[in-house]
Amino acid sequence: MVVLAKEVPDLEAMVKVTADGGALEVEKRRGLNFFDEIAVEAALKLEQSAGASVLAVSAGAGTGIEALRRALAMGSDAALLVDDPALEHADSLTVARALAAAARREGFDLVLAGKQATDDEAGLVGPMVAELLGVPCVTNIIGLQVEGDIARVTRETEAGRETLSVALPAVLTVEKGLAEPRVPAVMGVMKAMKAQIPRVTLAELGAEAQPPLTLAGYATAPARPPAKMLEGEPATVAVELARLLKEEAKVL
Amino acid sequence: MSRFVVIAEARDGDYRPSTYELLAQARRLAGSLGGEVAALTLGDDAGLRDRLSGLAHRVISIGGAGLAPYSADGWVAALGSALDALPARGAAPQVILFGESPRTREVLPRVAARLGAYAATNAVDLFEDGGRLLLRRPVYGGKAYAVHEIGAGRVLAAFRPHAFGADAPAGLPTAFEEVAAPATESRVTVLSSEAGAARTVDLTEANVVVAGGRGMKGPDNFHLLQELADALEGAVGYSRAVVDAGQAEHAQQVGKSGKTVSPTLYVAAGISGAIHHIMGMDTAKVVVAINTDPSAPIFGYADYGIVGDALQVLPALTEEIRRG
Ligand SMILES: Cc1cc2nc3c(=O)[nH]c(=O)nc-3n(C[C@H](O)[C@H](O)[C@H](O)COP(=O)(O)OP(=O)(O)OC[C@H]3O[C@@H](n4cnc5c(N)ncnc54)[C@H](O)[C@@H]3O)c2cc1C
Ligand SMILES: Nc1ncnc2c1ncn2[C@@H]1O[C@H](COP(=O)(O)O)[C@@H](O)[C@H]1O
C-alpha cells in the first residue's frame, strides 16, 4: 500500500499576502495534511487485517520530511521522499507525475490519498495519479474493506450514500470520517526521528515537470464593510432587516 | 479567438444552475475577448440539450454506451476524446469550465491528466483585465486568493455555484452536433445506494442558506431554521458543534471540514463565527448574523448583525418574509 503524504502549513498558521501582492508569507509550522493523516490511519488498519506493508510517499522541494516522519511515527513501515527543486510551487500534474512514478517503481495494490490538501485545496493530485497509473479511482470514501483483490468502499453522495466495489490496484481518496488518526506513541516518534528517509529526484524517476499556470498575484480576501447592527424587539428588527435585505442588499 | 467550453451537467430534469451561470460568463468573455462558446453535454444529460439553444455557438452532445448510467471511467474517456477533437487554436486560451460537483471532482483531474492540461478547482471568478484572462481561487481556506493568468494552452477549471450571474444576453445562433464516445467499461461497480435525510446539493447550490449553531439550543428548535429556509426557498446548514453533537448529519455541516457554500444570502443563527466555520461561507454575498453575544466574532464577517435571541428573532423574521 502506498499513502500519499503531503506536507502542508498547519491549519492555524498565519497567512499573509506580501505588500506587492506577489507572494504569500506563511508561518513555518508544518505537518502532515489533515486528510492524509486519515489515509495513513486507514492504511495501518488494513495492514493489520490484510498483512500488507505501508509506504508513505511525499513530494516537495526540500519539504516533506515532517509529513513522512509523522506517517512513520504513526506506524508506516517505510517512507520515500521525492525531493526536487522543480517541485517548488509545482503544478498539480507535475506532483502527480512524480508520485505516480514513485508508486510504480515501488509497486502497489492500493494507493490512498487525501481528498484534498489544506493549503491549495485543489483535490486534484489523487485522481490524477490514478489516471497516470491507469487504474480506477474512487474519491471521498468514508468506508473501506478489502477482500482479496476487491475493495468495497462507501461514500456520501448528493442524495445520500453509496457502496461501490472496485478491482485493485486502485487509487482511493479519503474523506473525514473514514478513520480517526491515532496519536503516535513516544516510541514511534523516537523511531521516526532516527529513520533515514531515502530521496529520489524527478530525473531518477523519469518524471517530467511542466511549468505551472502563470501566477498573476495574490489578493487578500475582500473585507466586508463593518456590519450594520440592528437593535430592538425581535418583531421590530425583523421588519427592519427584511426591508434592508429587500431595498439595500437587494437579495429578496 | 479564445474558446470557452462549458460542461453542461444536469440534475433532476434540468441543467444545474451553474451550467447557465458558466455559459453566461463564457458569453460575456467571448464578447469582450473575442471567441467561441461551446457546450458539451454527456449521456442522459444530452436529452435536455434544447434548453441550451441560444446560449452557446455550439452544443456538442456526446453519446455512447459507457455514459448512462454515469460512471467516472466512461465520462473521463468521453470528455478526453471530445476535448481532443477540439484542438487549441494557436496561442489562444482554451478554458473548459465545469460547475463544482462530485462528478466534476472525480472527472476533471483525470481528464486533465489524460490531456496534459492545466487544472484548477474551487475557482470563484474568471475575468478579463486589460486583455488578459484571469482566474481567481481561494487558498488556505480563504485566508488569501490566488490569481492566475490563463495564456496559451488548455485549462480545465471548476467554479463554485453562484460565481457568476446567469443573466447575460443570449440569442446566439446555435449549431447542434453529436459525437460518439469510445466504448468504455467502468471498473467501478455500484453495489447499493441509499437516500439520506440531507441533500447536500440543496446546501451547496441553494441561493439562501439558513445555518444554526450551538446557540439554537438543540434539535427541538431546528424547525425555526427550516421554516425561515422554506420561506426564502433556501436550505438549512449547521455548524460543526451541532454535527459533532449528533444533532445533524455531516453532509449538512458548513465549514472547513464540511461544505463550502456561496449563497446570495447566508443567515447564521447562534453561530459564534470560528474561523473554521467562516472558511465555509465567507464568499456568501450577504451575511446576516443573529447572536446574543455582541462581541461574537461572526459579526466581523456579517453585513447585518442582530444582537438577540435567535429563538425569537428567527420566527419573527420568518413571519415578516411570509408577509412579503
Ligand atoms: C480542524 C478543524 C475543522 C473544523 N471544521 C469546522 C467546520 O467545518 N464547520 C464548523 O462550523 N466548525 C468547524 N470547526 C469547529 C469550530 O472551530 C467551532 O468549534 C464551531 O464552529 C463552533 O460551533 P458553534 O458556533 O455552533 O458553537 P459555539 O462556538 O459554542 O457558539 C455558539 C454561539 O451561539 C451564541 N448563542 C447562544 N445562545 C444563543 C441564542 N439564544 N441566540 C443566538 N445566539 C446564541 C453564543 O453567543 C455563541 O456565539 C473546526 C475545528 C477544527 C479544529
Ligand atoms: N506534494 C505531495 N506529496 C505527497 N502527496 C501529495 C502531494 N500533493 C498532493 N498529494 C496527495 O494528493 C491529495 C490531494 O492534494 P491536492 O490536489 O493538492 O489538494 C493530498 O491529500 C495528498 O494525499
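For the structure, see preceding data.
As the structure is a prediction and not an experimental result, all values here were calculated from the model.

How each quantity is defined
Residues numbered from 1 in each chain as written. Chains lettered and ligands numbered in written order. Predicted model: local features only at pLDDT ≥ 70, side-chain atom pairs only at ≥ 80, totals over all residues. Heavy atoms only, no water. Helix = DSSP H or I, 4+ residues; strand = E, 2+ residues; numbered from the N terminus. Buried < 20%, exposed > 50% of the residue type's maximum accessible area, 1.4 Å probe, protein only. Near = heavy atom within 4 Å. Polar contact = N/O pair within 3.5 Å; in protein donor to acceptor, adjacent residues only side chain to side chain. Areas by Shrake-Rupley, 256 points an atom, 1.4 Å probe, with all protein chains shown as cover. Nonpolar A, V, L, I, M, F, W, Y, C, P; charged D, E, K, R; others polar. Pairing = 2+ DSSP bridges. Contact = heavy atoms within 4.5 Å. Buried area = accessible area lost by both parts, 1.4 Å probe. Salt bridge = Lys/Arg side-chain N within 4 Å of Asp/Glu carboxyl O. Core = buried A, V, L, I, M, F, W, Y, C linked by side-chain atoms within 4.5 Å.

Turning next to unusual backbone geometry. With an omega of 5°, the peptide bond running from L168 of chain A to P169 of chain A counts as cis. Among the structural elements, P169 of chain A can be located in the loop between strand 11 (160–167) and strand 12 (170–174). A cis amide bond links A68 of chain B to the next residue, P69 of chain B, at an omega of 0°. The residue P69 of chain B is located in the loop between strand 5 (58–63) and helix 2 (72–84) in this model. Not every positive phi belongs to a glycine, and H89 of chain A is a case in point at roughly 50°. Looking at the element boundaries, H89 of chain A is found in the loop between strand 7 (78–83) and helix 3 (92–106). Overall, H89 of chain A belongs to the exposed group, its relative accessible area being 66%. Positive phi values are uncommon outside glycine, yet K250 of chain A reaches one of about 55°. For K250 of chain A, a relative accessible area of 61% gives the class exposed.

Turning next to the site of ligand 1. Around ligand 1 there are 27 residues in total, and S239, Q253, S257, S272 and N291 of chain B lie nearest to it. Around ligand 1 the close residues trace back to chains A and B. Q253 of chain B has a polar side-chain atom sitting 2.7 Å from an oxygen atom of ligand 1. At 3.5 Å from an oxygen atom of ligand 1 is found a main-chain nitrogen or oxygen belonging to G255 of chain B. Out of a free accessible area of 990 Å², ligand 1 has 79% covered by protein chains. Those elements giving two or more residues to the shell around ligand 1 turn out to be helix 6 (240–244), helix 7 (275–278) and strand 17 (286–291) of chain B. Across the shell around ligand 1, the residue classes tally to seven nonpolar, 14 polar and six charged.

Turning next to the pairing of strand 5 of chain B. Residue and element names in this part refer to chain B. Burial within strand 5 is extensive, with five of its six residues counted as buried. Sheet topology note: the strand 4 (residues 35–42)/strand 5 ladder contains five bridges and is parallel. Bridge pairing in strand 5 links L40 to I60. Sheet topology places strand 5 next to strand 12 (residues 175–180); six bridges connect them, and they run parallel. Note that in strand 12 the partner of S61 across the bridge is E178.

Across the boundary between the two partners, chain A contributes 79 residues, which contact 84 residues of chain B. Taken over both partners, the interface formed by chain A and chain B buries close to 6600 Å², and the fraction arising from carbon and sulfur atoms is 57%. Among the residues chain A hides against chain B, the three largest losses belong to E158, L213 and R224 of chain A. Together they make up 13% of the total. Counting the contacts that link chain A with chain B gives six salt bridges.

Below, the discussion takes up the nonpolar core. Note that soluble globular proteins tend to have their nonpolar side chains buried in a common cluster. Among the nonpolar cores identified, the biggest contains 60 residues, and V82 and L133 of chain A together with L40 of chain B are the most heavily contacted of them. By residue number, the principal contributor to this core is helix 3 of chain A, which donates nine residues. By size, the runner-up hydrophobic cluster in this structure holds 41 residues, among which are L68, A73, V174 and I197 of chain A.

Residues and elements named next belong to chain B. Within strand 4, eight of the eight residues are buried, leaving the element largely enclosed by the surrounding structure. Residues G35, V37, A39 and T41 point to one face of strand 4 and E36, A38, L40 and L42 to the other, with burial holding for every one of them. By the bridge criterion, six bridges tie strand 1 (residues 2–7) to strand 4 in an arrangement that is parallel. By the bridge assignment, S2 is partnered in strand 4 with G35.

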